[in-house]
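# Overview (structure and organization)
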Amino acid sequence: MNSGKEHEKLAELLRAGKKILIFTGAGISTGSGIPDFRGPEGVWKRRQPVYYHDFMRSEAARIEHWDFKLEGWPGFRDARPNATHEAIVQLERADKLLAVVTQNIDGLHSRAGTSAEKLVELHGTNSQVECQSCGELTDPHPHFEAFGKTRRPPLCRCGGFLKPATISFGQNLRNEDLECASRFADETDLVVALGSTLSVYPAADIPLIAARRGARYVVINRGETDHDGLPEVTLRLEGDVAAIFPPAVSAALQSRGFP
Ligand SMILES: [Zn+2]
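The present account deals with the structure reproduced in this document. (Residues numbered from 1 in each chain as written. Predicted model: local features only at pLDDT ≥ 70, side-chain atom pairs only at ≥ 80, totals over all residues. Heavy atoms only, no water.)

Here the focus is the overall build of the chain. Across its full length, the chain holds nine helices and nine strands. Relative to the compact-globule value of 18 Å for 259 residues, the chain shows a C-alpha radius of gyration of 19 Å, a close match. By principal-axis analysis of the C-alpha atoms, the chain measures approximately 55 × 35 × 35 Å. Within the chain, contacts between residues separated by at least 24 positions form 71% of all contacts whose residues are at least 6 apart in sequence. Of the roughly 12400 Å² of accessible surface on the chain, 50% is carried by carbon and sulfur atoms. (Helix = DSSP H or I, 4+ residues; strand = E, 2+ residues; numbered from the N terminus. Rg over C-alpha atoms; globule rule 2.2 N^0.38 Å. Contact = heavy atoms within 4.5 Å. Areas by Shrake-Rupley, 256 points an atom, 1.4 Å probe, with all protein chains shown as cover.)

On to helix α6 (residues 140-150), then. The complete set of buried residues in α6 reads P140, H143, F144 and F147. Angularly, the buried residues of α6 cover 100 degrees about the axis, an arc narrow enough to put them on a single face. Where α6 is buried, its residues touch α3 (59-78), β4 (124-131), β5 (137-138) and β6 (162-166). If you check the start of α6, you find a side-chain oxygen 3.2 Å away from the backbone N of H141, and it comes from D139. Remark: R151 follows α6 within two positions and exhibits a positive phi of approximately 60 degrees. (Buried < 20%, exposed > 50% of the residue type's maximum accessible area, 1.4 Å probe, protein only. Arc of directions from axis to C-beta. Polar contact = N/O pair within 3.5 Å; in protein donor to acceptor, adjacent residues only side chain to side chain.)

The next point concerns the pairing of strand β8 (residues 216-221). Summarising burial for β8: five of the six residues are buried, a large majority. In terms of strand pairing, strand β7 (residues 190-194) meets β8 through five bridges, oriented parallel. Pairing of L190 across the sheet is with R216, part of β8. Taken together, β7, helix α8 (residues 205-212) and β8 constitute a β-α-β crossover, and its handedness is right-handed. Judged from the four bridges that link them, β8 and strand β9 (residues 235-238) form a sheet pairing that is parallel. When the sheet's bridge partners are listed, I220 is paired in β9 with L237. (Pairing = 2+ DSSP bridges. Right-handed = clockwise from strand over helix to strand, strands pointing away.)

This part takes up the coordination of the zinc ion. C131 (SG), C134 (SG), C156 (SG) and C158 (SG) make up the full set of protein donors to the zinc ion, lying at 2.3 Å. Considering all four donor atoms around the zinc ion, angles at the metal cover 104 to 118 degrees and the coordination shape is tetrahedral. Written as a sequence motif, the donor arrangement for the zinc ion is C-x2-C-x21-C-x1-C. Residue C134 is located in the loop between β4 and β5, and its partner C156 is located in the loop between α6 and β6; the two are separated by 22 residues in the primary sequence. Classification of C134 by relative accessible area gives partly exposed; the value is 47%. Looking at C156, the relative accessible area reads 9%, which means it is buried. (Donors = N, O, S within 2.8 Å, 3.2 Å for Na, K, Ca; no water. Tetrahedral: all angles 85-135°; square planar, octahedral: opposite > 155°, others 65-115°.)

Let us now look at the sheet that holds β5. The three strands are arranged β5-β4-β6 in an open sheet whose pairing can be described as antiparallel. Of all the strands in the sheet, the pair left with one neighbour each is β5 and β6. Here four bridges tie β4 to β6, and the two strands are oriented antiparallel to one another. Along β6, the bridge assignment pairs C131 with L162. Its contacts with the sheet put α6 on β4, β5 and β6, and the angle it makes with β4 is roughly 75 degrees. (Axes fitted to C-alpha atoms, helices over the stretch in contact; angles between N-to-C directions.)

So, in structure tokens, the structure goes:
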């Protein structure tokens, strides 16, 4: 368990931070009803992921992928941001947020109000569908409706395969996203990792790059992370992010005159 002193230290670091970089993982969205794909009850215990090269080569794989995405769609469509997403927006309004780099594909940061130019979704997003040929982005809703009725994977008007705009297994992260996240890691003075086991690379490199450039580094997660015990970690808080982080943001902003 954490002591009151550790919570006070978190508020202190947030108060001092001028260019805060927030790095988020699945642990911040479980409170919004989004399943943690890798946890003990995770989706991957039940379904086989479709690899990107199979999606591109096989109609059966495309059907399987759309079927999997259709199963999760109502949950994503109806999910609402929680106190953690909102606390991050408060940091932005107080002009203390450099950026949010997230591993989450639920779109809840932008739904909460985080600005697009401050948000890097390293693993893509379920809130858009992307053509694999021309790159056009469209609203998922009509595609799911159509697939639910016809069971035929949708095609772009250019003829390309449409796929929810998330990074699939076997698909590289977008270079421009990684470059953008690395630039933010160079600039930040305080990086806070929330609800991530910090075990999926290259995403988990981002907070470490920041810490190695001299930023203070806070890790808040329920359960172990791969960065526990590293000398770069300034403060490690164990427990539910939603119980720890929003109150610390309020404490830090109140004392600066942001009610
Ligand atoms: Zn297209």
